[in-house]
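# Commentary on secondary and tertiary structure
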Amino acid sequence: MKGKNTPLLINILHEVQDKQGYISEQALKKISVEQNIPISRLFGVVKFYTMFHTEPQGKYVLEICGSPSCVLNNGMKLEKFLENEIGVRIGETSKDGMFSLYKTSCIGCCDEAPAMLINGKPYTNMTVERVKLLLKKLRKSKKK
Ligand code: FES
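Here the residue numbers are simple positions, counted from 1 along each chain's written sequence. Reporting of local features is limited, given that this is a predicted model, to residues whose pLDDT is at least 70; pairs of side-chain atoms are given and counted only at 80 or more, and all residues count toward the totals for whole chains, interfaces and linings. With hydrogens and water stripped out, all remaining heavy atoms of the structure feed into the side-chain values.

This next bit is on the domain arrangement of the chain. The start and end points of each domain follow an automatic or database-based domain assignment. What the domain assignment lists for the chain is domain 1 (6–48) and domain 2 (60–141). Summarising the inter-unit geometry, the C-alpha centres of domain 1 and domain 2 are found 27 Å apart.

Written as structure tokens, this is what we have:
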């Protein structure tokens, strides 16, 4: 039956990513052997879902919502601010390993747009000032 392993595979990939922060090539090879799934198929699945990462991620993964309500409520301004402030483009991780920046689709907080996620936790009604304060707080946490 086509795709019968897909839900299980997604759970396995989530588990690996939760433990390691990303899904390494070595982990994909191990899953391929254990689950008897061609590595090319695994790679296709990992690349299809934007929630999976094949490279090490920053301590803080920032995901700015790129769906209409947020974009129309200054989401693009926040995106540009974040890129400039962190010194990366969407999809990249800062050199100091603190931040990875992504764009995500709607996170269900449209009534409090613009919204973003930081390590999966939603932050809403964002402004450049609020983002500035958050980044300052997150950078301080590095010293702990
Ligand atoms: S459009 Fe951004 S949270 Fe829904």
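The salt bridge criterion pairs a side-chain nitrogen of Lys or Arg with a carboxyl oxygen of Asp or Glu, the two atoms within 4 Å. Per the stated rule, a full pass over the model turns up six salt bridges. A salt bridge links Glu83 to Arg89, with the nearest nitrogen and oxygen atoms 3.8 Å apart. For every residue, the accessible area (1.4 Å probe, protein chains only) is compared with the maximum for its type, and the residue is labelled buried under 20%, exposed over 50%, or partly exposed between those bounds. Owing to a relative accessible area of 7%, Glu83 belongs among the buried residues under this scheme. Overlapping salt bridges bring together Lys80, Glu83 and Arg89 as one network.

Two strands make a pair as long as DSSP finds a minimum of two bridges between them. Labels follow the DSSP assignment, with helices taken as runs of H or I lasting at least four residues and strands as runs of E lasting at least two, numbered in each case from the N terminus. Pairing is mixed in the open sheet, where four strands are placed in the order E2-E1-E3-E4. Unpaired on one side and paired on the other, strand E2 (99–104) and strand E4 (121–123) mark the two borders of the sheet. Within the sheet, the average angular offset between the axes of one strand and its neighbour, ignoring direction, is 25°. Bridging between strand E3 (residues 116–118) and E4 involves three bridges; their strand directions are antiparallel. Of the residues in E4, the one forming a bridge with Leu117 is Pro122. Running at roughly 150° to strand E1 (residues 60–65), helix H4 (residues 68–86) makes contact with E1, E2 and E3 of the sheet. Contacts were defined at the residue level, with two residues in contact if any of their heavy atoms lie within 4.5 Å. Only C-alpha atoms enter the line fits that serve as axes; for helices the fit covers just the stretch in contact. Angles between N-to-C directions range over 0 to 180 degrees. Across the face of the sheet, helix H5 (residues 128–141) comes into contact with E1, E2, E3 and E4 while running at roughly 165° to E1.

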